[in-house]
Amino acid sequence: MRIVREKLRDGLLGTGFAFLLATLVLFGAPSVMDVGEGSYFGLFVLHFGFAVVYFFVLWLSGGRKVEDHRMTYTFLKLLLFLVSAYALNRCMNVFESSAGWMCVLLWIVGANYVAALFFREMHRWGRYIVMFTCGIAFLFFLYLACYLLPLYLIGLVGMLLFGIAVHAFIPIFMAVSTLSLVRWLAGNSRRLWVSFCCGLLVTILFVTCYCLVWNANVKTLNEAYAHAASEGADDIPAWMQVAQRMNQNGVTERIIKTSLVYDVPEWSGNAFWSMPGQTLGEVQKVHDPLVVVASLFSEPIMLSVEERLSVLKSQFGARHHTEERLWSGRDLTTEHVVTNVRIWPGSHIAYTEAILTVFNHAQPQWGTGQEEAIYTFDLPEGSAVTSLSLWINGREKKALLTTRAKADTAYQAIVGVERHDPSVVHWQEGSRISVRVFPVVARQSRVFKIGVTSPLRKEGDRLVYDNLRFEGPDAGGATGSVHVKTDGSDTNAEGRQVAFRSSGSNAYEHSGAYKPRWSFDLPDPGLQSASFTFNGSRYFIGPYEPTPVSALLENIYLDINESWTREEFESIWKAAAGKAVWVYDDEMVRLNAANKDEWFRILSEKKFTLFPLFLVPNPSTALVVSRSGAQTPNLADLRGSPFYSRLRNFSPQRGHLRLFHFGGMPSAYLASLRDYRFFQFAQGTVADAAEAIGTGRFPASAETDNKVVIYSAGLVIGKEPGSRTSTGPDHLMRLFAYNHLLQKYGSQGLDSAETNEAMQKEAAEANIVSPVSSLVVLETQQDYDRFDIEKSRNSLGNATLKSSGAVPEPHEWVLIILFAIGGGYLLYKRKYPRHA
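Worth saying up front: this structure is predicted, and the values here are computed from it rather than measured.

Draft legend 1. Local environment of the nonpolar core. Of all hydrophobic cores here, the largest spans 194 residues; its most connected members are Phe141, Phe377 and Val435. Among all residues touching Phe377, those that are not within four sequence positions of it are Leu356, Ser431, Arg432, Ile433, Val435, Ile450, Leu468, Arg469 and Phe470. Core analysis: the second largest hydrophobic core is formed by 27 residues, Val625, Phe660, Ile693 and Phe698 among them.

Structural data, given as structure tokens:
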């Protein structure tokens, strides 16, 4: 500390450090405070002011400078201008957002320049570290200087006219000054020069190795693409075949995201490097020097932008970011999430209302600064969206159910042209839905509510409720509150990942920072007799208990991919002795003792598989055995391909084929086909699969046109004519209708079912979002009339937390009205006896 105090007696140093500290605090302010983009230029002016003032302070200081501190003066001045340059970058986008490692490196080299002030007082190893870091810093700023070469001519003119353009030259000044610092500090010390050169050499070796790895991955991808295009299967897209064999490492992901997320200049065809316009939705673009350098020395990737987007959607979880947008949503954040849950343990059902508040941090500049909020919700398996509300002018407006096409037409017309209040929720494959809200005005918030009916997941003797998770406007700083209410006894109920406190009888709550991943589990009391009656139909529940029955299994088809182990394969092979065993690789191949090991090696290199059910010649005597590991494309990704067309044509035979899945949840592809009832489905361990093959017994299908199975909940929901009084929630009917619609959607040939009036009627009756229906909120009745959207006359309507399920039947309504008239007459007679 004594040395520090002595150094800071130099007023010029003290002033420089004070300015640097102030400008760093100022630069970090937007990260912790609500500062709109409209304020960025004002903040830059302050940064630039600190740098210019210190520049003139040094210039006018004359003989007051301390000779031993002259390099520190220089770097304090350059660091002030460097921070100012990054502040200017927020207003004039030259670099995209820096990669995380680049931000850390900037802090390290900045601290290293400051530490050089105490170089003479350091231990020799401290000096070596300073010189080593200077080697890294020199190459880093040399890279930035080269990157900005196209701006130098503009910068020279701009520097003379405005002075601001001097920021373009800061990297080259930093690189040159770093060499001057090294020469001044090292002098004739051979060891210090060696330390500096080691920093250069290590950096060059690291970048070279990264480029070699990058090139190897690009070459592998291009070879796979060329093979798929020329010799691969002609019924699925080439990008999908590439994804099957792609190494899903960090380098490969960056290659696929190059120009979409990772910003690289266009190196040819322009005197000035230009930046591509494609982006990955609202994902912040990133400037990563390693990606820029590697792409410079690499052959271009053969996959087109559209194909790379498809790979990102199916393999890297980017579906939300590729949603089509009518308006930007980059300034939006999720501020508050209220989750209200009601659980019926005796029915294995829960209903959730999530109320979200989204805020627009932009400053009003042109018009009202309107932005569009898009959310993608991941729902528990078998769940259905059953309500939607949007707050307009402080009042909650509930959604109406209509066809998907009408809802989409109304939303796009209003948002794209008229620009006033709609919200819409659409169904997506893979237990996902998307919610759109418009407009979210600058410096204001919007509130919407979505209701979801879900089956409870059964784990042994426990029932598990899983929270609704979403992607959308950042919720990292959001607050949240959760309220859970259970019907009936809930002894030993507890939360997972969230600590709940009791808030009354069978009620629990939690509040604090929003947590997206949590569960609530409670004992399974067993399914209790419950039913719901509506419109002449009675909906009832029962346990799903798989009952094995004899099945003629002559052909066993193994859906092998990298998730299979050698032991699992051998177990199935042994159980299938005496039967024909087949695998698929562009064509069906029958296994035998001589080729089975080689085919297992080939197929186990695939990240995922899309087993072609339509190539099974005799579905009634076949069993497909599958296991899923990596993410797979879903059916929507296949749309338009010959594979998809052949799958649609296969759908009428769907019930004949049997499929046994072991080892976790089925892939998105298989889960969709299961939901559409393309096959009879069973799930268990590899031992269970081997037993089914060896004994020729497979669980009988419990489903009919009037019964659906929800496997995760161990639940069967049935429908029959009846008019008994309801004893269960209306969610029984909603879940039945949703799963029944998926069943029909598959049997009707997928896309052709979207205009099926019977399916649309069933969806409207239960008020559920499905492949053929959507919920939409419009601002006025005139808007509904214009787009021919009417309120369903015979429908459950939007679900609510208060729903008890006792919706009166038509004849019950008559009795209610008669009792009301009679009661009113008696009250009138008592009050006015003379007139009675």
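Draft legend 2. Representation of helix 4 (residues 70–89). The terminal C-alpha atoms of helix 4 lie 29 Å apart, and with 20 residues this matches the ideal 28 Å at 1.5 Å per residue to within 8%. Summarising burial for helix 4: 17 of the 20 residues are buried, a large majority.

Draft legend 3. Fine view of the sheet that holds strand 30 (residues 707–710). The strand order 20-21-31-30 describes an open sheet built from 4 strands, whose pairing is antiparallel. Strands at the two margins of the open sheet, each flanked by one partner only, are strand 20 (531–534) and strand 30. Averaged over all pairs of adjacent strands, the angle between strand axes in this sheet comes to 20°, irrespective of strand direction. In this sheet, strand 31 (residues 715–721) lies alongside strand 21 (residues 537–543) in antiparallel orientation, the contact comprising 7 bridges. The residue bridging Phe540 from the neighbouring strand is Gly718, located in strand 31. The sheet strands contacting helix 21 (residues 731–747) are strand 20, strand 21, strand 30 and strand 31, and the helix crosses strand 30 at an angle near 95°.

Draft legend 4. Focus on the environment of Lys802. Here Lys802 shows up in the loop between helix 23 (781–786) and helix 24 (810–831). Linking Lys802 and Arg342, residues 460 residues apart in sequence, is a C-alpha distance of 8.8 Å.

Draft legend 5. The packing of helix 6 (residues 124–147) against helix 9 (residues 190–230), seen in detail. One can describe the packing of helix 6 onto helix 9 by two numbers: an axis separation of 7 Å at closest approach and a directional angle of 40°. On the basis of their axis angle, the class for helix 6 and helix 9 is oblique. With respect to the hand of their crossing, helix 6 and helix 9 are arranged in right-handed fashion. Contacts between helix 6 and helix 9 involve Arg124, Arg127, Tyr128, Met131, Phe132, Cys134, Gly135, Ile136, Phe138 and Leu139 from the first element and Arg191, Leu192, Ser195, Phe196, Cys198, Gly199, Leu200, Val202, Thr203 and Ile204 from the second. A breakdown of the residues in the contact of helix 6 with helix 9 according to their chemical character gives 13 nonpolar, 4 polar and 3 charged.

The rules behind the values
- Residues numbered from 1 in each chain as written.
- Predicted model: local features only at pLDDT ≥ 70, side-chain atom pairs only at ≥ 80, totals over all residues.
- Heavy atoms only, no water.
- Core = buried A, V, L, I, M, F, W, Y, C linked by side-chain atoms within 4.5 Å.
- Buried < 20%, exposed > 50% of the residue type's maximum accessible area, 1.4 Å probe, protein only.
- Contact = heavy atoms within 4.5 Å.
- Helix = DSSP H or I, 4+ residues; strand = E, 2+ residues; numbered from the N terminus.
- Expected span 1.5 Å × (residues − 1).
- Pairing = 2+ DSSP bridges.
- Axes fitted to C-alpha atoms, helices over the stretch in contact; angles between N-to-C directions.
- Parallel < 35°, antiparallel > 145°, perpendicular 65-115°, else oblique.
- Left-handed = near helix turned anticlockwise from the far one by under 90°.
- Nonpolar A, V, L, I, M, F, W, Y, C, P; charged D, E, K, R; others polar.

Fair warning: the whole summary comes from geometry, so function is off the table for now.
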